[in-house]
Amino acid sequence: MTKADLVDKIHDNCGLTKDEAFASLETVLEIIKGSLEAVETVKISCFGSFVVKEKKSRKGRNPQTGEAITITARKVLTFKPSILLKETINQAAAPSCPSSS
């Protein structure tokens, strides 16, 4: 699924124009991106969590030459799906997501 597909789904399901749907999607993605850049966890109820993890530098080996190298420290983005999403994907009878009022 592409960003254009998401815009089409928002347009169809929410009754927004395609321009409004695109703007809404862009806003949500920018907010998520900004939070992840600030190394904040993004938790979306009934969907999952995006977490930025720090990896330390470590020793490795070039597989072609066998030469020892140092792999630099870096941040990696991980996604942990919610239990409800896992159940839905595995076609289990998942309870509906509680609505937040």
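Asks: Can you walk me through the pairing of strand β3 (residues 58–61) in this structure?
Replies: Regular strands place their side chains on alternate faces of the sheet. Pairing of β3 with strand β4 (residues 68–71), which is carried by 4 bridges, proceeds in the antiparallel orientation. Within the sheet, the bridge partner assigned to Arg61 lies in β4 and is Ala68.

Asks: Help me understand the pattern of salt bridges in this model?
Replies: Think of it this way: side chains of opposite charge can pair up when their charged atoms draw near. Across all of its chains, the model carries 2 salt bridges by this definition. One salt bridge connects Glu26 with Lys3, and the closest N-O pair in it is separated by 2.5 Å. Taken as a pair, Glu26 in helix α2 (residues 18–37) and Lys3 in helix α1 (residues 3–14) lie far apart in primary sequence, 23 residues in all. When the shortest N-O distance is used, the salt bridge between Asp8 and Lys18 registers 2.9 Å. You can see Asp8 sitting in helix α1 and its partner Lys18 sitting in helix α2, a full 10 residues away along the chain. Under the relative-accessibility criterion, Asp8 is labelled partly exposed at 29%.

Asks: Honestly, unusual backbone geometry in this entry has me stumped. Any pointers?
Replies: Glycine aside, negative phi is the norm for most residues, and most peptide bonds take the trans geometry. Here Val39, not a glycine, exhibits a phi torsion of approximately 55°, which is positive. Taking the relative accessible area as the measure of exposure, Val39 reaches 37% and is therefore partly exposed. A positive phi angle is found at Cys46, which is not glycine, with a value near 65°. With respect to the secondary-structure elements, Cys46 resides in the loop between β1 (42–44) and β2 (48–55). Judged by its relative accessible area of 23%, Cys46 falls in the partly exposed class.

Asks: When you look at the sheet that holds β1 in this model, what are you seeing that I'm missing?
Replies: Whenever strands of a sheet pair, they do so through backbone hydrogen bonds, lying parallel or antiparallel. Across the sheet, which stays open at both edges, the 3 strands sit in the order β1-β2-β5 with antiparallel pairing between neighbours. Unpaired on one side and paired on the other, β1 and β5 (74–81) mark the two borders of the sheet. In this sheet, neighbouring strand axes are inclined to one another by 20° on average, regardless of whether the strands run parallel or antiparallel. Here α2 sits on the sheet in contact with β1, β2 and β5, set at roughly 140° to β1.

Asks: Which parts of the structure should I look at to understand α1?
Replies: For an α-helix, the turn length of 3.6 residues means that residues three or four places apart are oriented alike. With 12 residues, α1 extends 16 Å between its outermost C-alpha atoms, agreeing within 8% with the 16 Å of an ideal straight helix rising 1.5 Å per residue. Just downstream of α1 lies Gly15, where phi reads positive at about 75°.

Asks: How do you make sense of the environment of Gly34 when you look at a structure like this?
Replies: Here Gly34 shows up in helix α2. Of the residues examined, Gly34 reaches a relative accessible area of 32% and is grouped as partly exposed. Sequence spacing of Gly34 and Lys53 is 19 residues, and the spatial spacing of their C-alpha atoms is 15 Å.

Asks: Would you take a moment to explain the side chain of Ser82 for this structure?
Replies: Tracing the backbone through its elements, the reader meets Ser82 in the loop between β5 and α3 (83–89). When sequence neighbours within four positions are dropped, the list of residues in contact with Ser82 reads Cys46, Phe47 and Gly48.

Rules and cut-offs
- Residues numbered from 1 in each chain as written.
- Predicted model: local features only at pLDDT ≥ 70, side-chain atom pairs only at ≥ 80, totals over all residues.
- Heavy atoms only, no water.
- Pairing = 2+ DSSP bridges.
- Helix = DSSP H or I, 4+ residues; strand = E, 2+ residues; numbered from the N terminus.
- Salt bridge = Lys/Arg side-chain N within 4 Å of Asp/Glu carboxyl O.
- Buried < 20%, exposed > 50% of the residue type's maximum accessible area, 1.4 Å probe, protein only.
- Axes fitted to C-alpha atoms, helices over the stretch in contact; angles between N-to-C directions.
- Contact = heavy atoms within 4.5 Å.
- Expected span 1.5 Å × (residues − 1).

Just distances and angles here, no functional claims.
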